[in-house]
Amino acid sequence: MLIPSVKTCFQLLCNHKVPAAGLKETVKSGLILKSLSNDVYQNLAVEDWIHDHMNLEGNPILFIWRNSPSVVIGRHQNPWQECNLNLLRAEGIKLARRKSGGGTVYHDMGNINLTFFTTKSKYDRMKNLKLIVRALKTVQPQLDVQATKRLDLLLDGQFKISGTASKIGRTTAYHHCTLLCNTDRTFLSSVLKSPYQGIKSNATASIPSLVKNLLEKDPTLTCEVLMNAIATEYAACHGIDNHINLINPADETLFPGINNKAKELQTWEWIYGKTPKFSINTTFHVLDGQSHFEINVYVDIKNGRIQVCNIEAPDHWLPLEVCDKLNSGFIDSKFCPNEITMLTDLLLRTCPEDNELYNKWNILCEKIKRIM
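Parameters at a glance
Residues numbered from 1 in each chain as written. Predicted model: local features only at pLDDT ≥ 70, side-chain atom pairs only at ≥ 80, totals over all residues. Heavy atoms only, no water. Pairing = 2+ DSSP bridges. Helix = DSSP H or I, 4+ residues; strand = E, 2+ residues; numbered from the N terminus. Axes fitted to C-alpha atoms, helices over the stretch in contact; angles between N-to-C directions. Contact = heavy atoms within 4.5 Å. Buried < 20%, exposed > 50% of the residue type's maximum accessible area, 1.4 Å probe, protein only. Parallel < 35°, antiparallel > 145°, perpendicular 65-115°, else oblique. Left-handed = near helix turned anticlockwise from the far one by under 90°. Phe/Tyr/Trp six-rings, centres within 6.5 Å; stacked < 30°, edge-to-face > 60°. Lys NZ or Arg CZ within 6 Å of the ring centre and 35° of its normal. Salt bridge = Lys/Arg side-chain N within 4 Å of Asp/Glu carboxyl O.

Asks: How should I be thinking about the sheet that holds strand β11 (residues 172-180) in this particular structure?
Replies: Spatial ordering of the open sheet is given by β10-β11-β6-β2-β1-β13, a layout of six strands whose pairing is mixed. At either margin of the open sheet sits one strand with a lone partner, and together these are β10 (164-168) and β13 (245-247). Going from strand to strand, the sheet's axes swing by 20 degrees on average, the running direction of each strand aside. As defined by bridge partners, strand β1 (residues 31-35) adjoins strand β2 (residues 61-65) across four bridges and the pair is classed as parallel. By the bridge assignment for β2, I32 is matched with L62. Seen against the sheet, helix α3 (residues 40-53) touches β1, β2, β6 (111-119), β10, β11 and β13 and runs at an angle of roughly 170 degrees to β2.

Take a look at the structure:
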């Protein structure tokens, strides 16, 4: 028997509650956990909680989880550079920034997420990827799946079916990866294509790849089949019972303080404010009646807020003093459509009533919001 209960195990594994004899007697050599939640923030919070609170010495953990449609960027990435934010907002797709590095990924219920927790000294991404390959081949021996030097998994030597990232702490580490089973590839391509022009950034950039679902290769390779196969292989590799423990990521009795972690991951300050400093230099073409001209926009953004703003429109179309008011008004505001809308509405109230000016300002603001 692996454990009397998940709760008992977690209490024993917490750093400050590990009697050496009791741990050895109660927990054989590891755990397999599977989330009951499809919320990206809750599942990412489980990763952080385990990393921060668990004693993994001799007790590795495999965490299996899936999310409803969402885009997850790496810790050091720029969301404006990595995805189509306007499409995400229109479709109600969640955007999350994880604590690990690596590139941007799209999650839906056709994608499996796997997190391998170990001590820092036992951290080995290639070993984990080879474990997944073995599991896949137990289900379908004819599959051509290989781990690459870049620590991805390729199907038929060309299609990426798994991306990988990691976080290495002082004593603990985790490696997590995706596994494309039956994800919406059309939507994946759409949301992971940035429409924004003129971005200059030192943020980590994702490398586009050809992708394919395992289910397209073999219709028997469903998510449930693959998750069970990986759990079985993990149990065999670590000498533990083949038992998947279902967990509720919102259970404070199991994970004290976890809901605060999930809330932090949802904040604007974390998702957008942690973006490395970047700039946008772009040009808009405007057709107003019979007039056709260009508007130049230069913006510096730090911590997700506008530090420098320079909007240049022809004087005959929009007076210079109006542009100056707009430029100065944007300083220190969040670089997001809602804040810009509120700010421009507020600035318009400070101007004399002028329908023509109002319409021009609206045209300008709509153009600016397209880069947000």
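Asks: Sorry if this is basic, but what is going on with the pairing of β6 here?
Replies: One face of the sheet, then the other: side chains in a regular strand alternate in exactly this way. Burial runs high along β6: nine of the nine residues are buried. The pairing of β2 with β6 spans five bridges and is antiparallel. Residue F63 lies in a different strand from β6, and its bridge partner there is T115. Two elements, β6 and β11, share nine bridges in a ladder whose sense is antiparallel.

Asks: Before we go on, may I ask you to explain the packing of helix α12 (residues 320-330) against helix α14 (residues 355-369) in this structure?
Replies: Each pair of packed helices can be described by the angle between their axes along with the distance between the axes. With their axes 12 Å apart at the nearest point, α12 and α14 run at an angle of 40 degrees to one another. By the angle class used here, α12 and α14 are oblique. In the packing of α12 onto α14, the handedness of the crossing is right-handed. Taken together, the residues of α14 that come into contact with α12 (itself represented by V322, K325, L326 and F330) are L357, W361, L364 and I368.

Asks: Looking at this structure, I do not really get the sheet that holds strand β3 (residues 70-73). What am I missing?
Replies: Sheet strands associate in pairs through backbone hydrogen bonding, adopting either a parallel or an antiparallel arrangement. Taken together, the three strands give an open sheet; going across it, the order is β4-β3-β5, and neighbouring strands pair in mixed fashion. Two strands lie at the open edges of the sheet, namely β4 (94-97) and β5 (105-107), each paired on one side alone. Ignoring strand direction, the axes of neighbouring strands in this sheet form an average angle of 25 degrees. Bridging between β3 and β5 involves three bridges; their strand directions are antiparallel. Opposite V71, over in β5, you have Y106 as the bridge partner.

Asks: Can you walk me through the packing of aromatic side chains in this structure?
Replies: Aromatic ring pairs are defined here through the distance separating the ring centres and the angle between the ring planes. If you walk through the whole model with that rule in mind, you get 11 aromatic pairs. On the numbers, 5.4 Å between centres and 55 degrees between planes, the contact of W80 with Y272 is tilted. Placement of W80 in helix α4 (residues 79-82) and of Y272 in the loop between α11 (268-271) and β14 (278-288) is noted, with a sequence separation of 192 residues between them. For the pair shown, W80 and Y272 are each scored as buried. Members of the aromatic cluster, each reached through a chain of ring pairs, are W80, W268, Y272, F278 and F335. A cation over an aromatic ring shows up here: K99 above the ring of W270, its NZ or CZ 5.2 Å from the ring centre.

Asks: Could you clarify how one ought to interpret the pattern of salt bridges in this entry?
Replies: Note that side chains of opposite charge can pair when their charged atoms are close. Summed over the entire model, instances satisfying the criterion amount to 11 salt bridges. Across the salt bridge formed by K217 and D156, the nearest N and O atoms sit 2.9 Å from each other. Of this pair, K217 sits in helix α8 (residues 214-217) while D156 sits in the loop between β8 (153-155) and β9 (159-162), and the two are 61 residues apart along the sequence. Note on K217: relative accessible area 38%, which makes it partly exposed. Since its relative accessible area comes to 25%, D156 is described here as partly exposed. Note that E216 and R185 form a salt bridge whose closest N and O atoms lie 2.8 Å from each other. Pair noted here: E216 is in helix α8 and R185 is in helix α7 (residues 185-191), with a separation of 31 residues, a long-range link. E216 sits in the partly exposed class, given a relative accessible area of 39%. By relative accessible area, which is 33% here, R185 ends up partly exposed. Counted as one network, the salt bridges with shared partners bring together K34, R66 and E224.

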